[in-house]
Structures are given as structure tokens and as C-alpha cells.
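Breakdown of the fold
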Amino acid sequence: MASPWSLGGALRGMFARKTIDDDTWSELEDALIAADFGPDVTDAIVEQLRANVARFKTTDPKDLQRMLREVIEERLERLDPTLTLTNRPAVVLVVGVNGVGKTTTIGKFAKFLTNYGRSVIVGAADTFRAAAVEQVATWAERAGAQVVRPEHPGQDPASVAFQTVERAQRDGIEIVLIDTAGRLQTKSGLMDELSKVRRVVEKLAPIAEVLLVLDATTGQNGLAQAEAFIEHAGVTGLVLTKLDGSAKGGFVLAVQERTGIPIKLIGQGESIGDLTGFTARVFAAQLVA
Ligand SMILES: Nc1nc2c(ncn2[C@@H]2O[C@H](COP(=O)(O)OP(=O)(O)OP(=O)(O)O)[C@@H](O)[C@H]2O)c(=O)[nH]1
């Protein structure tokens, strides 16, 4: 079944026509805007395709389809999606606004790693809400990971993070995933909390990755909400969740180009197995199916 974010449906009429004409270009532009590529990326893609079509002197929409796929793939590939998890332990901070799927992502990511034979420990450093602690613990345990919970409600998140890394070092656990708070009411408070977590963890081990979780269904609006993390949290990779419920496939490219940060993981469902690495070629092929 085609992905909900595929451009296939929107472009079907255009690619079924016999020749490339003015309507082709306006339909293409509309489809890209509707898919949340954003005006800048849309203009850049259309311009590049017009140049290619002129250069190869083609009038065949099938050629245009192939070129569209290649242009999107080439732009997606400009950033490297590889997760850097070679340190032992490799410490990963997971950040993002509440409700975007952070907890679920930690569970899925833990499972993704244990499937590869890695040992994983999760630090429940979103200590403000007891429910958040229990939620992340349930997911982590389901994934076969260990969990460090706060010793008392409201314990300093940095101290939970510290204890988690300490345990990993003591027990030889390979990957540490740290859940952090996502409340945005007090932006500066939250950023101070995150930098404290970072400082305290770095006393024990360098931070391998800071992954920012974004909800793909909110598209570019959601990105505005996450601006503070991008500015202050030292984000090294993006995780896009809920792509299965999103018609905004273009957001994937727009978000990389707007932030300059690579997408490293994508979530496409609510089950523990629904997280994959990001491959530009596969994504571009599915997008322009
Ligand atoms: N369809 C779909 N739903 C998802 C995906 N990831 C998360 N969800 C759902 O999104 C909702 C929020 O996910 P959580 O993981 O609880 O989000 P959170 O950011 O930790 O939110 P809080 O715990 O409220 O801060 C849940 O109902 C998840 O099942 C995904 O990739 N696809």
C-alpha cells in the first residue's frame, strides 16, 4: 500500500499526460506545496527540474518523474543520517516538545538497538511527572532495556541522567538513552535543565547524539515549536514520528534544509517495531512512487 505521504496520488494526472506543458509545472508546484515542501524548496526543485528538462530536451512526463525522484534524493542525501554510537557507553539525549512521540520513540529505539544485539539502559529523567516515568519504563522494559527511575518524584533530572550513565559504565551497558522533559511553558527553565543534564553527564562520558523528536503531522508549524531545542540543545539528529498519519512527505526534506540537521530515524506507527533508519534513496522512491 502506498504511504499516506506519497506524492503518487497528487502527481498521477500529471504523469499520465502525454507531454510536459505549462499545466504540468503548475500542478507539480501545487503538489509540492500541498505536501509541505515549503515555498523555498518547492521553487528550488521546480527550477532545477525546468533546467534538466531543457537540457535533456525531453517532453516525456515519465522522464520528469524520474528527475523529480533524483532531485529529491540528491537533496536528502546532502546530510549524513548515520547515528554515531561508537563510544562505550554511547550516551543519547532524546529531546522534544511533549506529545510528539518522545516516549514511544525511546521504546522503539531501544528495541531497534536490542535487535542489533546492543545492550541498552534508559534513564527516566523526565522526573516532573510520575506518569511519564512509568510510561517510558514500560516501553523500555518491553524493548529488553534496563531502566533507571528517579529515587523520588521531582528528583533533579541531571542526577537521574548521571546515575544512568554511571550504571552503564559499571555494568558494561553499551547504549544509554536519556528521556528528558518537554514542557515548553518555561522555555529558559527547560533549556537550563537540559544544559545541566548535559554538563553533568559529560563529567562521566561524552554525549554521542542529541536527538530531537518532531511530529510529522504538525509539519512546519511543529518545527517552530521546537526552535528552542534547535538553538540551545546541540541537536545532532532528528527523529520524525507519525509519518504514517501524515500527508506531508515534503516536510522530510523541508525540515532538513531549514535546520541543517540530518534526519536519523523515522517512526511510522504505534508499535514497538515501527522505527527505521532513514535512507534517502528509499524515501525518495516511496515519495515519488
Ligand atoms: N501513528 C503513530 N502514532 C505515534 C507514533 N509515535 C508516537 N505515536 C503516538 O503519539 C502519542 C504520543 O506519544 P508519546 O510517546 O506518549 O509522546 P511524548 O512526546 O512522550 O508525550 P508525553 O509523554 O505526553 O510528553 C501516542 O498516542 C503514541 O502512540 C508514530 O510513529 N505513528
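Residue positions are counted from 1 within each chain, in the order its sequence is given. Selection of residues for local features in this predicted model requires a pLDDT of at least 70, selection of side-chain atom pairs for listing and counting requires 80 or more, and totals for whole chains, interfaces and linings are taken over all residues.

As a reminder, the rule being used: UniProt positions are given in the numbering used here, feature names are shortened, and annotations may be inferred rather than shown by experiment.
An unreviewed UniProt entry lists the protein chain under the name Signal recognition particle receptor FtsY, with Lysinimonas soli as the source organism. Its UniProt record, at the heading Sequence similarities (unreviewed entry), says of the protein chain: "Belongs to the GTP-binding SRP family. FtsY subfamily." Looking at the protein chain in UniProt, the text filed under Function (unreviewed entry) is "Involved in targeting and insertion of nascent membrane proteins into the cytoplasmic membrane. Acts as a receptor for the complex formed by the signal recognition particle (SRP) and the ribosome-nascent chain (RNC)."

1. Here's the deal with the site of the ligand
So the rule is basically this: In this text, near has one meaning. A residue is near a molecule or strand if its C-beta atom, placed using the backbone, is within 6 Å of it. Working definition: helices are DSSP H or I runs of at least four residues, strands are E runs of at least two. Numbering for both runs from the N terminus. The residue classification treats Ala, Val, Leu, Ile, Met, Phe, Trp, Tyr, Cys and Pro as nonpolar and Asp, Glu, Lys and Arg as charged. All others, Gly included, are polar.
In the region of the ligand, 19 residues are neighbours, and Asn 98, Gly 101, Thr 103, Thr 104 and Gly 267 sit closest. When contributions to the shell around the ligand are tallied by element, the ones reaching two or more residues are helix H5 (102-115) and helix H6 (130-142). Broken down by element, the shell around the ligand gets its largest block of residues, three residues, from H5. Here the shell around the ligand is composed, by residue class, of two nonpolar, twelve polar and five charged.

2. Description of the confidence of the model for the protein chain
Here is the rule: Every residue gets a pLDDT, meaning the predictor's confidence in that residue, from 0 to 100.
Confidence in the prediction of the protein chain, expressed as mean pLDDT, is 90, and 98% of residues score 70 or more. By mean pLDDT, helix H1 (residues 8-16) is the weakest element of the protein chain at 77, and strand S4 (residues 175-179) is the strongest at 97.

3. Some details on the domain arrangement of the protein chain
Inclusion rule: Boundaries of every domain are those given by an automatic assignment or by a domain database.
You can read the domains of the protein chain as domain 1 (8-76) and domain 2 (90-279). A separation of 36 Å is found between the C-alpha centroids of domain 1 and domain 2. Among the elements that line the side of domain 1 that touches domain 2, the one with the most residues is helix H4 (residues 61-76), at three residues.

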